[in-house]
Amino acid sequence: MAKPRVFLSRAWPAKVEARMAEVFDLTPNKSDRPLTPAEFREAFASFDAVLPTVTDKLTESAFDLAKPRTRILANYGVGYSHINTAEAARHKIVVTNTPDVLSDCTADLAMTLLLMVARRAGEGERELREGRWTGWRPTHMIGTKVSGATLGIVGFGRIGQAMAQRAHFGFGMKILVQNRSAVPAEVLARYNAVQVANLDDLLPQCDFVSLHCPGGAANRHLINSRRLDLMKRDAFLINTARGEVVDEHALAQALWFNTIGGAGLDVFEREPQISAELMGADNLVMLPHLGSATAATREAMGFRVFENLVDFFEGRSPRDQVA
Ligand code: DGY
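Residues numbered from 1 in each chain as written. Predicted model: local features only at pLDDT ≥ 70, side-chain atom pairs only at ≥ 80, totals over all residues. Heavy atoms only, no water.

Undergrad: How do you make sense of the nonpolar core when you look at a structure like this?
TA: As a rule of thumb, nonpolar side chains are buried together in soluble globular proteins. Of all hydrophobic cores here, the largest spans 31 residues; its most connected members are Leu211, Leu228, Leu237 and Leu251. Counting only elements with at least two residues in this core, the list comes to helix H8 (199-202), strand S9 (208-211), helix H10 (248-256) and strand S11 (262-265). Among the elements that take part in this core, H10 stands out by supplying 5 residues, more than any other. Grouped together as the second largest cluster of nonpolar side chains are 30 residues, Leu151, Ala167, Ile175 and Ile238 included. (Core = buried A, V, L, I, M, F, W, Y, C linked by side-chain atoms within 4.5 Å. Buried < 20%, exposed > 50% of the residue type's maximum accessible area, 1.4 Å probe, protein only. Helix = DSSP H or I, 4+ residues; strand = E, 2+ residues; numbered from the N terminus.)

What follows is the structure, encoded as C-alpha cells:
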C-alpha cells in the first residue's frame with residue numbers, strides 16, 4: 001500500500017523528520033517560512049496529512065477549496081487557536097495537538113519571566129552590557145521579592161498546574177486559581193491553592209498573575225484596560241499563553257503610567273512584530289515565543305505528532321484529537 005503523503009509546514013527536529021520519513025511519504029517545507037492561505041489550499045489538495053504549527057494562520061480562506069485530499073491536520077504545538085476548526089470540521093478533517101510534553105518547559109519559562117521582571121534581570125543586563133554600571137550600592141536596582149508572594153494562575157490545566165508546582169514548592173508562593181470549571185479539591189490541595197470565583201476577584205489579590213488559558217476568540221483581550229486597573233500597582237503580569245489574550249495597547253499604557261509593576265511576555269498579538277510602545281517599556285521583559293524551545297521538548301512534540309498520525313492512518317482515534 002502507498003505510504004500516506006505528509007506535508008510539514010516548517011523545519012522540525014532532524015530526528016523526528018528522519019523517523020517520519022521512514023513511515024510516511026514526507027515533504028517538508030524547505031523554505032521554513034510561514035505559508036500563505038493559497039499555499040495551504042495547494043497542500044490540502046495534494047497531501048493526506050498536513051502538519052501545521054502556531055505560525056500558520058489557517059483561517060477560512062485556507063479551507064476555501066472544494067475537495068481536499070487532507071484528512072488530518074496534526075498540529076505541532078498544544079495551542080491551536082490559529083486553526084479554524086469549524087472549517088476543518090466542514091471538510092471532515094480531524095485536528096490533533098501535542099499536550100503534556102511541553103508543560104514543564106513552558107512553566108519553566110513562565111517562571112523565568114516572573115523572576116526576570118521581579119528582579120529586574122533584563123534591565124540589569126542592559127545596564128551592564130552598555131557599560132552604565134557604576135558598582136554595588138544599597139539602593140541600586142531594587143526589585144520585588146518573589147518568595148512567599150501571591151501568584152494568581154489564570155487557567156489551571158496542565159501548564160497552569162506545572163506553574164503552581166514550581167511556585168508553591170520552589171518559592172513558597174501562595175497560589176490563587178481562576179479556571180472555567182471547578183478544579184477538583186485534591187488537585188488544589190496538592191499546591192495548597194484556592195480557586196476564586198472569577199478573574200475580577202483574582203486580580204486585586206495577586207502580586208503576580210500568570211496566564212495559562214487557551215487563546216482564540218473566546219479569550220481575546222481577556223486582560224484589557226479595566227482588568228489591568230484591577231491589579232495592584234506593584235503587581236506583575238506574565239503571559240506565556242497566547243498574544244491575543246492581552247490587549248497590548250492597554251498593557252503598554254499600564255506599563256508606561258506605572259499602574260502595574262511590570263510584565264513578562266513570551267507571546268504577542270502580532271508575532272513576530274513588536275509595537276514600539278512595548279519596545280520602549282523598561283519594566284517589561286520580552287522573549288521570542290520560547291516556551292517549548294528545548295531540544296527534549298521540541299523532539300517530544302514531534303514524536304507526539306508522529307504517534308497521532310500512526311494511530312490515524314492505522315484506523316485508531318488519535319489520542320490528542322481536539323476537533
Ligand atoms: C504551543 O505549543 O502552543 C506553543 O506555543 C508553541 O507552539
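Undergrad: Please clarify how the pattern of salt bridges should be interpreted in this entry.
TA: Once their charged atoms are close, side chains differing in charge can pair, the charge on each being opposite to the other. Overall, the coordinates contain 22 salt bridges when judged by the stated rule. Put simply, Arg126 and Asp282 hold a salt bridge, and the shortest N to O gap is 2.9 Å. Placement of the pair is Arg126 in helix H5 (residues 121-129) and Asp282 in the loop between helix H11 (276-279) and strand S12 (284-286), with a sequence separation of 156 residues. Using a relative accessible area of 46% as the deciding quantity, one classes Asp282 as partly exposed. Linking Glu307 and Arg319 is a salt bridge whose minimum nitrogen-to-oxygen distance equals 2.8 Å. (Salt bridge = Lys/Arg side-chain N within 4 Å of Asp/Glu carboxyl O.)

Undergrad: So what exactly am I meant to see when it comes to helix H4 (residues 103-118) here?
TA: It helps to recall that an α-helix has 3.6 residues per turn; residues three or four apart then point in one direction. Counted at 1.5 Å a residue, the expected span for H4 with its 16 residues is 22 Å, and the 22 Å between its end C-alpha atoms agrees. Within H4, burial applies to Ser103, Cys105, Thr106, Ala107, Leu109, Ala110, Met111, Leu113, Leu114, Val117 and Ala118. (Expected span 1.5 Å × (residues − 1).)

Undergrad: When you look at the sheet that holds strand S5 (residues 94-96) in this model, what are you seeing that I'm missing?
TA: Two orientations exist for strands paired in a sheet by backbone hydrogen bonds: parallel and antiparallel. Taking strand neighbours across the sheet as the criterion, the 5 strands line up as S2-S1-S3-S4-S5 in an open arrangement whose pairing is parallel. The outermost strands of the open sheet, each flanked by one partner alone, are strand S2 (25-28) and S5. For this sheet, the mean inter-axis angle between neighbouring strands, taken without regard to orientation, is 20°. Here strand S1 (residues 5-8) runs beside S2; their pairing, made up of 4 bridges, is parallel. The partner of Phe7 across the bridge, within S2, is Thr27. Packing of helix H1 (residues 14-23) onto the sheet brings it into contact with S1, S2 and strand S3 (49-51), and relative to S2 it is tilted by some 140°. Contacting S1, S3, strand S4 (72-74) and S5, helix H12 (residues 295-313) runs over the sheet at an angle of about 160° to S4. (Pairing = 2+ DSSP bridges. Axes fitted to C-alpha atoms, helices over the stretch in contact; angles between N-to-C directions. Contact = heavy atoms within 4.5 Å.)

Undergrad: Looking at this structure, I do not really get the domain arrangement of the chain. What am I missing?
TA: Assigned domains of the chain: these are domain 1 (5-101 + 295-313) and domain 2 (103-286). Taking the mean C-alpha position of each, domain 1 and domain 2 sit 31 Å from one another. Listed by partner, the interface residues are 8 residues for domain 1 and 8 residues for domain 2. With a closest N to O distance of 2.5 Å, Asp100 and Arg158 form a salt bridge. At the boundary of domain 1 and domain 2, one finds 3 residue pairs in polar contact (both at pLDDT 80 or more). Looking at the side of domain 1 that touches domain 2 residue by residue, the class counts come to 4 nonpolar, 3 polar and 1 charged. (Domains from an automatic or database assignment. Polar contact = N/O pair within 3.5 Å; in protein donor to acceptor, adjacent residues only side chain to side chain. Nonpolar A, V, L, I, M, F, W, Y, C, P; charged D, E, K, R; others polar.)

Undergrad: Honestly, the environment of Glu42 in this entry has me stumped. Any pointers?
TA: With respect to the element layout, Glu42 can be found in helix H2 (residues 37-46). Each C-alpha atom of the pair Glu42 and Met279 lies 37 Å from the other, and the pair is 237 residues apart in sequence.

Undergrad: I keep staring at the site of the ligand and nothing clicks. Help me out?
TA: Taken together, Val54, Gly77, Val78, Gly79, Leu102, Arg242, His289 and Ser292 are the residues near the ligand. In this structure, Val78 approaches the ligand through a main-chain N or O atom, which is 2.6 Å from an oxygen atom. Between His289 and the ligand, the recorded distance is 2.7 Å, taken from a side-chain N or O atom to an oxygen atom. Here the residues of the shell around the ligand are counted per class, giving 3 nonpolar, 4 polar and 1 charged. (Near = heavy atom within 4 Å.)

Undergrad: What is the right way to look at the pairing of strand S7 (residues 174-178) in this model?
TA: Most of S7 sits out of view: 4 of its 5 residues are buried. Inspection of the sheet shows strand S6 (residues 150-154) paired to S7 by 5 bridges, in the parallel sense. Residue Leu151 lies in a different strand from S7, and its bridge partner there is Ile175. Each parallel crossover has a hand, and the one from S6 via helix H6 (residues 158-171) to S7 is right-handed. (Right-handed = clockwise from strand over helix to strand, strands pointing away.)

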